[in-house]
Amino acid sequence: MKNKYEVCLTRMSCSAVGRRLVACLLNISEARRRDLVETVARSAITDTLGTKREGITVLNIFNDVDYNRSVITIVASIDLIREAVLSACERACSLIDMNVHEGIHPCMGAVDLVPLYPLGEEVGLEDCGKEAQALATALTERVTGTSVFLFGWADSPQRRGLAKRRKEIGWFKKVLDMSTIQPDVGPQPTRKYGVTGVGVSPYVMNCNVTIDTQDLAVGRIVASAIRESSPGGIPGVQVMALPHEGAVEIACNVESVQSGRLSSSYGEEKWPSFTIGGQNFCHAPASLITARVAELARHHGVAIKGTALVGFTPRECQRLAEGALSNGIGEFWKELQRVHM
């Protein structure tokens, strides 16, 4: 007998909702209190009275205790995504105080990142950009004291990428002096809420490769070599080396790139592809990133311990969301937990 997860894989929905789907990989600065994180996730799929919202699902919750950071994957149609994400953000802001936050991963907000990614063929980057701008304004109006910086297609007309915006505001340094930050929306940031990044881009995955060393210098050499901006780096890969569970993690944001940007120098392995608004995008496969990290680490006498993907590929995300929504499953992350236990 098939469980609900298997049903979701086999019963795809080709409904109008599927064609208008948007994903939000909500990053919040808490992982050690898992009940709190699940409370935030449930806020996306229930109203203030606890009644289930139709047409919204939480596909996955990823917790990292060392980083003290969780990623909540929320999917709904573009018509419903704003209210779902706002509700989750409101709850997170009411429960997380950045004055007492501790964690290895850089962060600057109780709600650190709110990226929207178009999944359905009837939703474009510009559509999501307008939605993200409205979401940013609504957040600062609903939660007094919150502030936002915009990136990607929400950052009109510059469309500065997330890495560039984070560098501009000092995110990588975990700046404690909020008076130096000039938000795009809302008041001067406070320590309690910090500052939240809201934006839009083609889908971004997280691929983290752990190398078997505690030498952070080795990790930084490896990270630098695969970073997109480095000679011979992998297109779309933004990366940090961080201490993690007694080793070093090469933490990669794997951005989708337009297919025409690729050269023949990235091997014969096919890069997974998808389409947004008639434009073809693709992303580096986890196997390529793992192989490159393993090769570079080996030069320093270091082996890899393993690779972890946070969430899904773009196609997996759309497919699972269509299945979850067609079966009325809001707490889909629980189905994943049952499968992986």
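Once a new chain begins, its residue numbering starts again from 1 and follows that chain's sequence as written. In keeping with the model being predicted, local features are shown solely for residues with a pLDDT of at least 70 and side-chain atom pairs are shown and tallied solely at 80 or more, while totals for entire chains, interfaces and linings include all residues. Computation of side-chain values: all heavy atoms of the structure, hydrogens and water removed.

1. Comments concerning the overall build of the protein
The criterion, for reference: By definition, any uninterrupted DSSP run of H or I lasting at least four residues is a helix, any uninterrupted run of E lasting at least two residues is a strand, and each is numbered from the N terminus. Two things to know: the radius of gyration comes from C-alpha atoms, and the globule rule equals 2.2 Å times the number of residues to the power 0.38. Each residue gets one of three labels from its accessible area relative to the maximum for its type: buried under 20%, exposed over 50%, partly exposed in between, using a 1.4 Å probe on protein chains only. With residues, only the protein chains shown are counted as cover, and all accessible areas are computed by Shrake-Rupley using a 1.4 Å probe. Positive charges come from Lys and Arg, negative ones from Asp and Glu, while His and the chain ends are left out of the count. To locate a charge, take NZ of a lysine, CZ of an arginine, CG of an aspartate or CD of a glutamate.
Along the backbone of the protein there are ten helices and 13 strands. Rg of the C-alpha trace for the protein: 19 Å, near the compact-globule value of 20 Å for 341 residues, within the 12% margin. Across its three principal directions, the C-alpha atoms of the protein cover 55 × 50 × 40 Å. Burial status across the protein gives 55% buried among its 341 residues. Element-wise, carbon and sulfur atoms account for 50% of the exposed surface of the protein, whose accessible area totals about 14,900 Å². The centroid of the 37 positive side-chain charges in the protein is displaced by 0 Å from the centroid of its 37 negative side-chain charges.

2. So, the nonpolar core
The condition that has to hold: In these notes, a set of buried Ala, Val, Leu, Ile, Met, Phe, Trp, Tyr and Cys residues joined through side-chain atoms within 4.5 Å is what counts as a nonpolar core. Any two residues whose heavy atoms approach within 4.5 Å are treated as being in contact.
The biggest cluster of nonpolar side chains holds 98 residues, and the ones touching the most others in it are L26, I72, I74, I250 and I289. Among the elements that take part in this core, helix α4 (residues 81-95) stands out by supplying eight residues, more than any other. Leave out the neighbours within four places in its chain, and I74 touches V22, A23, C24, L26, A44, I56, T57, V58, I81, A84, V85 and A88. The next biggest cluster of nonpolar side chains, apart from the first, holds 14 residues, and it includes M108, W171, I181 and L242.

3. Some points on the layout of surface pockets
Where empty space is left in the structure can be found by rolling a water-sized probe over the atoms. Put simply, the rule is: The definitions used throughout rest on a 1 Å grid laid over the protein atoms alone, on which a cavity is an enclosed set of points accommodating a 1.4 Å probe that cannot get out and a pocket is an open set flanked by protein within 12 Å on both sides along at least five of seven lines; lining residues are those having an atom within 4 Å of a point. Grid points are joined across faces, edges and corners, and a volume is the space filled by probe spheres set on the points. Throughout, the ten residues Ala, Val, Leu, Ile, Met, Phe, Trp, Tyr, Cys and Pro are labelled nonpolar, Asp, Glu, Lys and Arg are labelled charged, and all others, Gly among them, are labelled polar.
Counted as a void, the largest pocket has a volume near 1,000 Å³. L162, A163, Q238, N253 and E255 are, among the 46 residues lining the largest pocket, the residues nearest its centre. In the lining of the largest pocket, the residues fall into 23 nonpolar, twelve polar and eleven charged.

4. A look at the environment of A23
For A23, the position within the fold is in strand β1 (residues 21-28). Placed 34 residues apart in sequence, A23 and T57 show a C-alpha to C-alpha distance of 9.8 Å. When residues no more than four places from it in sequence are discounted, the contact partners of A23 are I74, V75, P115, L116, Y117, L119 and C317.

Don't take any of this as a statement about function, it's just geometry.
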